[in-house]
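Given next are the chains, with one letter for each unit.
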Amino acid sequence: MNESIKQIYPEAGISRHAALPITDQFERTFNYLRIAINEQCNLRCIYCMPEKGIDFREQHQLLTTDEIFQLIIIISQMGVSKIRFTGGEPLLRNDLLELIHIVNETKNVDSIHLTTNGLLLGKYVKSLKDAGLSGINISLDTLNPEKFYSITRRDGLDLVLDGFEKANQSGISSIKVNVVVMRDFNNDELLDFIQLTKENDVTVRFIELMPFDYHQIWKTGKFYRAEQIVSDLKKQVDGLVPVNGSRTEHHVFRKNGYKGKVAIIPSYTRNLCGECNRIRITADGKLMNCLYSQNETNLRDAMRSGTSDEEIGSLIRDAMMKKHKDGWDAQDQGNDNRESMTQIGG
Ligand code: SAM
Ligand code: SF4
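What comes next concerns the included structure. (Residues numbered from 1 in each chain as written. Chains lettered and ligands numbered in written order. Predicted model: local features only at pLDDT ≥ 70, side-chain atom pairs only at ≥ 80, totals over all residues. Heavy atoms only, no water.)

## Some points on the overall build of the chain
- From N to C terminus, the chain includes eleven helices and 14 strands.
- By residue count, 57% of the 346 residues in the chain fall in the buried class.
- For the chain, long-range pairs separated by at least 24 residues make up 73% of all intrachain contacts whose partners lie at least 6 apart in sequence.
- Counting every atom, the chain has about 14,900 Å² of accessible surface; 47% of that belongs to carbon and sulfur. (Helix = DSSP H or I, 4+ residues; strand = E, 2+ residues; numbered from the N terminus. Buried < 20%, exposed > 50% of the residue type's maximum accessible area, 1.4 Å probe, protein only. Contact = heavy atoms within 4.5 Å. Areas by Shrake-Rupley, 256 points an atom, 1.4 Å probe, with all protein chains shown as cover.)

## Side note on the packing of helix 2 (residues 65–76) against helix 3 (residues 96–104)
- The contact between helix 2 and helix 3 brings their axes to 11 Å, and the two run at 25°. Compared by their axis directions, helix 2 and helix 3 come out roughly parallel. Between helix 2 and helix 3 lies a crossing of right-handed hand. When helix 2 is examined against helix 3, the residues Thr65, Ile68, Phe69 and Ile72 are found in contact with a partner set consisting of Glu98, Leu99, Ile102 and Val103.
- Each residue belonging to the contact of helix 2 with helix 3 can be placed in one class, and the counts come to six nonpolar, one polar and one charged. (Axes fitted to C-alpha atoms, helices over the stretch in contact; angles between N-to-C directions. Parallel < 35°, antiparallel > 145°, perpendicular 65-115°, else oblique. Left-handed = near helix turned anticlockwise from the far one by under 90°. Nonpolar A, V, L, I, M, F, W, Y, C, P; charged D, E, K, R; others polar.)

## Brief notes about the environment of Ile72
- When you line up the elements, Ile72 lands in helix 2.
- As for Ile72 and Ile35, which are separated by 37 residues in sequence, their C-alpha atoms are 9.2 Å apart.
- Once residues lying within four places of it in the same chain are set aside, the contact partners of Ile72 are Leu33, Ile83, Phe85, Val103 and Val109.

## A word on the nonpolar core
- Counting residues in hydrophobic clusters, the biggest one holds 96 residues, and the most contacted among them are Phe85, Phe206 and Leu233.
- Among the elements that line this core, the one with the most residues is helix 2, at seven residues. (Core = buried A, V, L, I, M, F, W, Y, C linked by side-chain atoms within 4.5 Å.)

## Here we look at the side chain of Asn117
- Tracing the sequence through the fold places Asn117 in the loop between strand 5 (111–116) and helix 4 (121–131).
- A polar contact of 2.8 Å, which involves the side chain of Asn117, links it to the side chain of Asn42.
- Side-chain polar atoms of Asn117 contact the backbone nitrogen of Leu119, separated by 3.0 Å.
- Ignoring sequence-local partners within four residues, the contact set of Asn117 consists of Cys41, Asn42, Leu43, Glu89, Ile138, Ser139 and Val160. (Polar contact = N/O pair within 3.5 Å; in protein donor to acceptor, adjacent residues only side chain to side chain.)

## Re the sheet that holds strand 8 (residues 203–208)
- Strand order in the open sheet made by the twelve strands is 9-10-11-8-7-6-5-4-3-12-13-14, with mixed pairing throughout. Both outer strands of the open sheet, strand 9 (240–242) and strand 14 (297–298), are each paired with one neighbouring strand and no more.
- Alignment of strand 8 against strand 11 (residues 261–265), held across five bridges, turns out to be parallel. In the sheet register, Thr203 faces strand 11, and the bridge partner there is Lys261. (Pairing = 2+ DSSP bridges.)

## Focus on the pattern of salt bridges
- This model, assessed by the stated rule, comprises 14 salt bridges.
- A salt bridge links Glu189 to Lys147, with the nearest nitrogen and oxygen atoms 2.9 Å apart. Remark: Lys147 occurs in helix 5 (residues 145–152) and Glu189 occurs in the loop between strand 7 (174–181) and helix 7 (190–199); sequence separation between them is 42 residues. In this structure, Glu189 and Lys147 share a single accessibility class: buried.
- Three or more residues are tied together by salt bridges with common partners; here these are Glu39, Arg57, Asp284 and Lys286. (Salt bridge = Lys/Arg side-chain N within 4 Å of Asp/Glu carboxyl O.)

## As for helix 8 (residues 226–236)
- Along helix 8, the residues classified as buried are Ala226, Ile229, Val230, Asp232 and Leu233. End-on, the buried residues of helix 8 take up no more than an arc of 165°, which puts them together on one face. Those residues of helix 8 that are exposed and angled more than 90 degrees off the buried face are Lys234 and Lys235.
- In this structure, the buried residues of helix 8 make contact with strand 7, helix 7, strand 8, strand 9, strand 10 (251–255) and strand 11. (Arc of directions from axis to C-beta.)

## Overview of unusual backbone geometry
- In the Ramachandran plot, Glu27 falls in the positive-phi region, its phi being about 65° despite a non-glycine side chain.
- Looking at the element boundaries, Glu27 is found in the loop between strand 1 (22–23) and strand 2 (29–30).
- Residue class for Glu27 comes out exposed when judged on its relative accessible area of 73%.

What follows is the structure in structure tokens.
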């Protein structure tokens, strides 16, 4: 544990006024932070990064452990109670366990989650649970080893499945599998993925492809609409019963007799923006008030130039107040300057 952090931030650094919940002009309240902690990755998913990688930022440009913790302390005092670490591949960052451990002791934080490609999950899941992790989303687009190689440009399906098994045995309460559904790639695997929910209390989430990749794979006819996935499922699977899910899970079902759930996420069609409760911070410390936003607020430089916690809180509040009504409006403003989801934090 980094004792210096606890000494610097033993308690709230902002006033009661600054600690009001973060809201916007459309009466949304933001209580969920997704923070990318790196850009580097041990896979090269074709819809995310080119084979040679991207122009990764240098270490000194990324947030340090102390800066991440400083932001979480500030934001947790403003009503944010759910934290997700993402990336890049967050399990490649060697202070992840320390971060989870410290955040777990942070007042007001109710749950800590991780989004991972699962390659290193088997190795770390016990330590993650011990550090206080509440939930894991594992990204896995196919159950076929050759197809796994063709989508990630690396081997490793067996490692991801081992990570999935161990996560299920770990006692971590929320385990989800994120599947980006692509036409003529894996839209024929819906039933195979649903089988994962038979014996495991997990949620398999079918997600739309989004236009955030360098090569614009999504323009090549691979996009598969959420409504099409729902229609396929209803045709192909008997005994699907609607059940409740999280905010972004548009349609949620359980197959009769199965332990887990199946959800569909319309991440491209964006018909859930009215429900949005998310704040995003990139690995280089820029706040994005929407996944599709073209504007960023540089919290890293503000912290590095000695801006007070109270003023950082105001920067966060002001940026979220300017959030557009939906992702379509957000996309229409300015120029997109990020070439991969690893730079946004998926
Ligand atoms: N490396 C980790 C992983 O893969 O889970 C965390 C970061 S990754 C950017 C987070 C999520 O973004 C993954 O589930 C991935 O499938 C998704 N993603 C990346 N690029 C995408 C795209 N163009 N469209 C849809 N989802 C995408
Ligand atoms: Fe890596 Fe995740 Fe991007 Fe795949 S989606 S290349 S695993 S960051």
